[in-house]
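Chains, contacts and geometry: an overview
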Amino acid sequence: MLKDECSILYCKANTLYWAKALLQMTYWFVDHAVKDALVPPPFEVPCLRFVDARLIFAYSDTPLTTGQSGRAGNAVNVAYLVEEFIPTSMDKFVKYIHNSNTEPCVLLDTKAEEITDFLAFTQHVQYIKMGGQVYISDYQGTHSLYFSSMYLHQTR
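**Considering the packing of aromatic side chains**
Summed over the entire model, instances satisfying the criterion amount to six aromatic pairs. Ring geometry for Y17 versus W18: centroids 5.7 Å apart, planes at 85 degrees, classification edge-to-face. On the accessibility criterion, Y17 (55% relative accessible area) is exposed. Pairing Y27 with F118 gives two aromatic rings, centres 5.7 Å apart and planes at 35 degrees, and the pair type is tilted. Note that Y27 is positioned in helix α1 (residues 2–36) and F118 in helix α2 (residues 110–129), a separation of 91 residues in sequence. The pair Y27 / F118 is uniform in exposure class, with both members buried.

**Quick look at the side chain of T26**
Within the fold, T26 resides in helix α1. Polar contacts involving the side chain of T26 include one to the side chain of Q126, which spans 3.3 Å. Beyond its immediate chain neighbours, meaning those up to four positions away, T26 contacts T122, V125 and Q126.

**Quick look at the nonpolar core**
L48, F50, Y96, I97, L119, I136 and Y139 are the most contacted members of the largest nonpolar core, which has 22 residues in total. Contributions of two or more residues to this core are made by α1, β3 (94–97) and α2.

**Let's talk about the environment of L23**
Looking at the secondary structure, you find L23 in helix α1. Accessibility expressed as a relative area gives 6% for L23, which makes it buried. When the C-alpha atoms of L23 and T122 are compared, they prove to be 7.4 Å apart, with 99 residues separating the residues in sequence. Setting aside residues up to four positions removed in sequence, L23 forms contacts with L48, R49, F50, T122, Q126, I136 and Y139.

**A look at α1**
When the terminal C-alpha atoms of α1 are compared, their 51 Å separation across 35 residues agrees well with the 51 Å that a helix rising 1.5 Å per residue should span. When we look at burial in α1, the residues that qualify are C6, L9, L16, A19, L22, L23, M25, T26, Y27 and V30.

**A short note on the packing of α1 against α2**
Where α1 contacts α2, the two axes come as close as 9 Å, and the packing angle between them is 95 degrees. The pairing of α1 with α2 is recorded here as roughly perpendicular in orientation. Contacts between α1 and α2 pair L22, L23, M25, T26, Y27, F29 and V30 from the former with F118, F121, T122, V125, Q126 and K129 from the latter. Its residues assigned to classes, the contact of α1 with α2 comprises nine nonpolar, three polar and one charged.

How each quantity is defined
- Residues numbered from 1 in each chain as written.
- Predicted model: local features only at pLDDT ≥ 70, side-chain atom pairs only at ≥ 80, totals over all residues.
- Heavy atoms only, no water.
- Phe/Tyr/Trp six-rings, centres within 6.5 Å; stacked < 30°, edge-to-face > 60°.
- Buried < 20%, exposed > 50% of the residue type's maximum accessible area, 1.4 Å probe, protein only.
- Helix = DSSP H or I, 4+ residues; strand = E, 2+ residues; numbered from the N terminus.
- Polar contact = N/O pair within 3.5 Å; in protein donor to acceptor, adjacent residues only side chain to side chain.
- Contact = heavy atoms within 4.5 Å.
- Core = buried A, V, L, I, M, F, W, Y, C linked by side-chain atoms within 4.5 Å.
- Expected span 1.5 Å × (residues − 1).
- Axes fitted to C-alpha atoms, helices over the stretch in contact; angles between N-to-C directions.
- Parallel < 35°, antiparallel > 145°, perpendicular 65-115°, else oblique.
- Nonpolar A, V, L, I, M, F, W, Y, C, P; charged D, E, K, R; others polar.

The structure is reproduced here in C-alpha cells:
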C-alpha cells in the first residue's frame, strides 16, 4: 500500500516538475520574441509560476532486520507531497483553463481574462515547441500563483 502511495506521489511531483519546465520554456520563447521585436508588446506579459512542492519521506525508528523484505536500515513509514501554502486572502482562486476543454473559461474579471488569454497562448507555444506531443492543459490558481493537474496529450 505504501509502495503504491509513494508511486502516485512521485508521479504527481514529476508532473509538477515537467509543468514548471514547460512554463519556463514558454517564458524563454516570449523573452526572445520581445527582445528581437522592434517595438514592445502592447500588453504586459503576466509573471506566473507553479507552486513549489517537495516529496517528504518519514522513516521508522525501528531498523529492518535481515528477515524482513528490503535492505537493512530504516524503512519509509509514510510519504507526503508537501505543497506551498496559498493564502486565501491573496487572490480569489480561479479555474482559467479546464483539462477537459482547451477553450479558456469565461471570466468576469479583466485581469483574469488577460491571464487566461496568456495561458491559452502558452498552450500553443508548448504544443508547437514540443512537436504536438505535450502541453499543460489545466491551469488554475490565483492571479499570481498557479498549480496544475497537467495532462499529457499525445497525438500518436
